[in-house]
Amino acid sequence: MILPFASEMRELDRRAIEEYGIPGMVLMENAGLGTVLMMEKELGPADNSFALILIGPGNNGGDGLVIGRHLHQRGCKPVFIFLVAPEKLQGDAATNLHIVQKLALPLHVLDSVERVQSFPSLFQQLISRGKPCYAIIDGLFGTGLTREISGHMAELIQLVNQETFGASIPRIAVDIPSGLHADSGRIQGVCISADHTATYGCAKPGQLLHHGPDLCGSLHVIDIGIPPAVVNTLPVQQQAVTEQTIVPSLARIQRKTSSHKGSHGHLLVLAGSIGKTGAAILSVKGALRSGCGLVSLCCPQDLNPIFESQLVEAMTIPLPASRSTISMEDLPTIEAQLQGKKAIVIGPGLGMAEATAQLVLHLYRTVQAPMVIDADALNILAQHRDQLKAPPGPRIFTPHPGEMARILGISTAKIQADRLEAARTACQLFDQSAGNCTVILKGAGTVIVSASGEAGVNTSGNPGMATGGMGDVLSGIIGSLICQGLCPHEAACTAVYLHGRAGDMQEKTNGTGYTATEVADTLPRIIKDLRN
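Presented here is an overview of the structure given in this document. By convention here, each chain's residues receive numbers from 1 onward along its written sequence. Per-residue local features are limited, in this predicted model, to residues with pLDDT of at least 70; the limit for side-chain atom pairs, both in listing and counting, is 80 or more; totals at the level of whole chains, interfaces and linings are taken over all residues. Heavy atoms from the whole structure form the basis of all side-chain values; hydrogens and water molecules are not counted.

Quick notes on the overall build of the protein chain
Thinking step 1. Counting from the N terminus, the helices are DSSP H or I runs at least four residues long and the strands are E runs at least two residues long. Scanning the protein chain from terminus to terminus reveals 21 helices and 17 strands.
Thinking step 2. Two things to know: the radius of gyration comes from C-alpha atoms, and the globule rule equals 2.2 Å times the number of residues to the power 0.38. At 27 Å, the protein chain has a C-alpha radius of gyration in line with the 24 Å of a compact globule built from 532 residues.
Thinking step 3. Seen along its three principal axes, the alpha-carbon backbone of the protein chain occupies a region of about 85 × 45 × 45 Å.
Thinking step 4. Counting all 532 residues of the protein chain, 58% fall into the buried class.
Thinking step 5. By definition in these notes, contact holds between two residues if any of their heavy atoms fall within 4.5 Å. Residue pairs in contact within the protein chain that sit at least 24 positions apart in sequence constitute 74% of those at least 6 positions apart. Partly exposed describes any residue whose relative accessible area lies between the buried limit of under 20% and the exposed limit of over 50%, with all areas from a 1.4 Å probe on protein chains only and scaled to the type maximum.

Section: unusual backbone geometry
Thinking step 1. Although it is not a glycine, Asn-48 adopts a positive phi angle of roughly 60°.
Thinking step 2. Looking at the element boundaries, Asn-48 is found in the loop between helix H2 (24-43) and strand E1 (49-55).
Thinking step 3. For Asn-48, a relative accessible area of 49% corresponds to the partly exposed category.
Thinking step 4. A positive phi angle, near 60°, is found at Ala-104, a position not held by glycine.
Thinking step 5. Note on placement: Ala-104 falls in the loop between helix H4 (91-102) and strand E3 (107-109).

Focus: the pattern of salt bridges
Thinking step 1. Each reported salt bridge corresponds to a side-chain nitrogen of Lys or Arg within 4 Å of a carboxyl oxygen of Asp or Glu. Using the criterion set out here, one finds 16 salt bridges in the structure.
Thinking step 2. A salt bridge links Arg-14 to Glu-18; the shortest N-O distance between them is 2.8 Å. Placement of the pair is Arg-14 and Glu-18 together in helix H1 (residues 6-18), with a separation of 4 residues, close to one helical turn.
Thinking step 3. Given the relative accessible area of 30%, Arg-14 is considered partly exposed.
Thinking step 4. Residue Glu-18 is classed as exposed on the basis of its relative accessible area, which comes to 56%.
Thinking step 5. Glu-490 is the salt-bridge partner of Arg-252, the closest N and O atoms lying 2.1 Å from each other. With Arg-252 in helix H10 (residues 243-252) and Glu-490 in helix H20 (residues 488-510), this pair connects stretches of sequence that are 238 residues apart.
Thinking step 6. By relative accessible area, which is 56% here, Arg-252 ends up exposed.
Thinking step 7. What makes Glu-490 buried here is its relative accessible area of 18%.
Thinking step 8. Taken together, the salt bridges that share partners define one network made up of Glu-11, Arg-14, Arg-15, Glu-18 and Glu-19.

Observations concerning the nonpolar core
A general tendency of soluble globular proteins is for nonpolar side chains to be buried together.
Thinking step 1. If you look at the biggest cluster of nonpolar residues, it comprises 71 residues, and the most contacted ones within it are Leu-52, Leu-71, Ile-81, Phe-119, Ile-137, Leu-156 and Ile-226.
Thinking step 2. Residue contacts for Leu-52: discarding those within four places in its chain leaves Val-79, Ile-81, Phe-119, Phe-123, Leu-126, Cys-133, Ala-135, Ile-136 and Ile-137.
Thinking step 3. We define the nonpolar core as a collection of buried residues of types Ala, Val, Leu, Ile, Met, Phe, Trp, Tyr and Cys that are connected through side-chain atoms lying within 4.5 Å of one another. Membership of the second largest hydrophobic core comes to 53 residues, among which are Leu-209, Ile-326, Leu-350 and Leu-388.

Brief notes about H20
Thinking step 1. A helix is expected to span 1.5 Å multiplied by its residue count minus one. Look at H20: 32 Å from first C-alpha to last across 23 residues, which is about the 33 Å you get at 1.5 Å a residue.
Thinking step 2. Trailing H20 by a residue or two, Gly-511 shows a phi angle of about 80°, which is positive.

With respect to the pairing of strand E16 (residues 447-450)
Thinking step 1. Every second residue of E16 is oriented toward a common face, with Val-447 and Val-449 on one face and Ile-448 and Ser-450 on the other, all of them buried.
Thinking step 2. What makes two strands pair is DSSP finding at least two bridges between them. The sheet contact formed by strand E15 (residues 437-441) and E16 spans 4 bridges and is antiparallel. Counterpart to Thr-438 in the pairing with E16 is Ser-450.
Thinking step 3. Joining the antiparallel neighbours E15 and E16 is a turn of 5 residues, in which Gly-443 adopts a positive phi near 130°.
Thinking step 4. Of the pairings in the sheet, the one linking E16 to strand E17 (residues 455-458) comprises 3 bridges and is antiparallel in character. Among the inter-strand pairings, Val-449 is bridged to a residue of E17, identified as Ala-455.
Thinking step 5. Where E16 folds back onto E17 in an antiparallel hairpin, the turn is made up of 4 residues, including Gly-453, whose phi is positive at roughly 100°.

Observations regarding the pairing of E1
For a regular strand, side chains alternate in direction, first toward one face of the sheet and then toward the other.
Thinking step 1. For E1, a buried count of 7 out of 7 residues is recorded, marking the element as mostly surrounded by other parts of the structure.
Thinking step 2. Here E1 shows two buried faces, one formed by Ser-49, Ala-51, Ile-53 and Ile-55 and the other by Phe-50, Leu-52 and Leu-54.
Thinking step 3. In terms of strand pairing, E1 meets strand E2 (residues 76-82) through 7 bridges, oriented parallel. In the strand pairing of E2, Ser-49 is matched with Cys-76.

So this is what it looks like as structure tokens:
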């Protein structure tokens with residue numbers, strides 16, 4: 001499923017209208033009717049009720065007018081609340097306003113802060129007439145909004161969002177909640193908090209990123225009649241990572257009857273230091289539980305007894321010169337262990353001692369095998385950005401927003417304000433035109449970006465995964481899938497989705513409080529279910 005930016009969505013509309021002769025009025029009609037059909041499915045019949053429909057200045061307001069007309073057809077009384085003077089509407093929106101006026105449907109103009117302040121009493125008057133409010137429908141602003149909402153429109157949004165204002169009445173966003181940036185998911189001043197969002201043609205990146213999932217509620221993609229030939233020929237680089245995305249990838253690494261442990265790759269993990277042995281253990285478990293044939297762990301010699309007792313299915317390589325942290329002194333042993341390995345995971349619980357940093361930088365510059373770089377290894381690279389050159393082999397970086405902020409030298413808030421742009425910037429920083437880097441920016445709506453600019457936005461996972469060790473499990477899954485034969489970008493997208501689905505199963509079964517170990521242990525069941 002493509003995720004077009006707002007400018008790309010406008011281009012899809014333009015091509016449908018100009019190249020295929022589909023009138024904009026038809027697209028608007030399909031959008032409004034599709035929204036009403038969705039509402040009936042989710043909320044039940046609309047008859048014998050009323051609906052408040054908030055109308056803004058553009059085509060989003062025109063969609064709201066169509067919605068009101070179709071609700072009227074179903075026995076629901078639409079009450080239009082104009083935040084602009086009705087005569088300011090243009091084009092298709094103005095045509096639909098004319099129809100509504102011919103039908104003599106009620107409308108109120110609240111075009112100032114003083115008038116907006118009368119909105120609660122107007123609402124109470126409507127409620128007092130004995131009919132329930134079916135929904136509050138947000139048709140204020142669409143995907144083209146790029147400025148902060150202020151003044152009387154901000155005042156009205158704040159009123160509607162109050163828990164005391166029609167607390168049990170569903171809020172329906174038309175295309176996108178007003179105030180949500182369609183490309184990034186940041187809030188532009190204020191934003192409607194919707195229970196359902198009817199988005200038109202395609203989902204937008206901002207609906208899956210940052211604040212998007214919370215503010216959109218349940219997201220419904222409405223087919224408004226844009227021909228597939230238009231959608232399929234627009235070069236949109238953002239894709240939603242869904243079950244449909246990753247099932248073909250799992251099929252490509254399906255085990256043959258004749259396979260053996262060597263058929264599914266050998267992963268080398270460099271991880272763990274005193275006080276952080278759990279990170280290494282979780283990374284290895286993520287690799288094993290996602291199907292890697294063999295996993296070896298290079299670890300400090302003094303910590304080897306812990307790993308030997310916890311990881312009975314993996315092999316450990318105690319490093320004789322490293323007591324509590326891995327150091328450059330053990331480079332010859334590590335280089336020998338690199339032989340025959342299809343991928344490397346480096347960083348979980350590694351520590352940031354100077355000797356460790358020297359080792360990480362040397363391996364980053366010299367190892368040609370795919371390398372998953374996580375946690376402390378990322379922080380080491382961030383501290384030595386001026387020393388980084390184009391890597392000699394594939395590199396997959398897995399920062400959370402705090403680590404990404406250190407990599408780019410900006411605040412975490414700026415990272416979160418445009419996660420796609422941050423991931424693309426980091427990818428260019430590391431890749432240096434080598435064409436073999438992938439960046440995974442973890443968090444709600446995890447972003448996966450390759451050096452080509454291709455981007456995926458994950459759709460699995462939940463807030464219960466915001467706990468220690470989850471990223472360590474993910475690093476192991478990525479390394480495992482590369483060992484099993486997926487290319488780095490495909491492995492990254494598949495791993496992120498599987499990781500989130502395992503968390504979703506734990507949330508559904510046990511509720512918040514599940515652990516990273518439980519997520520790792522759920523992976524075989526998730527992979528089996530998806531393959532079936």
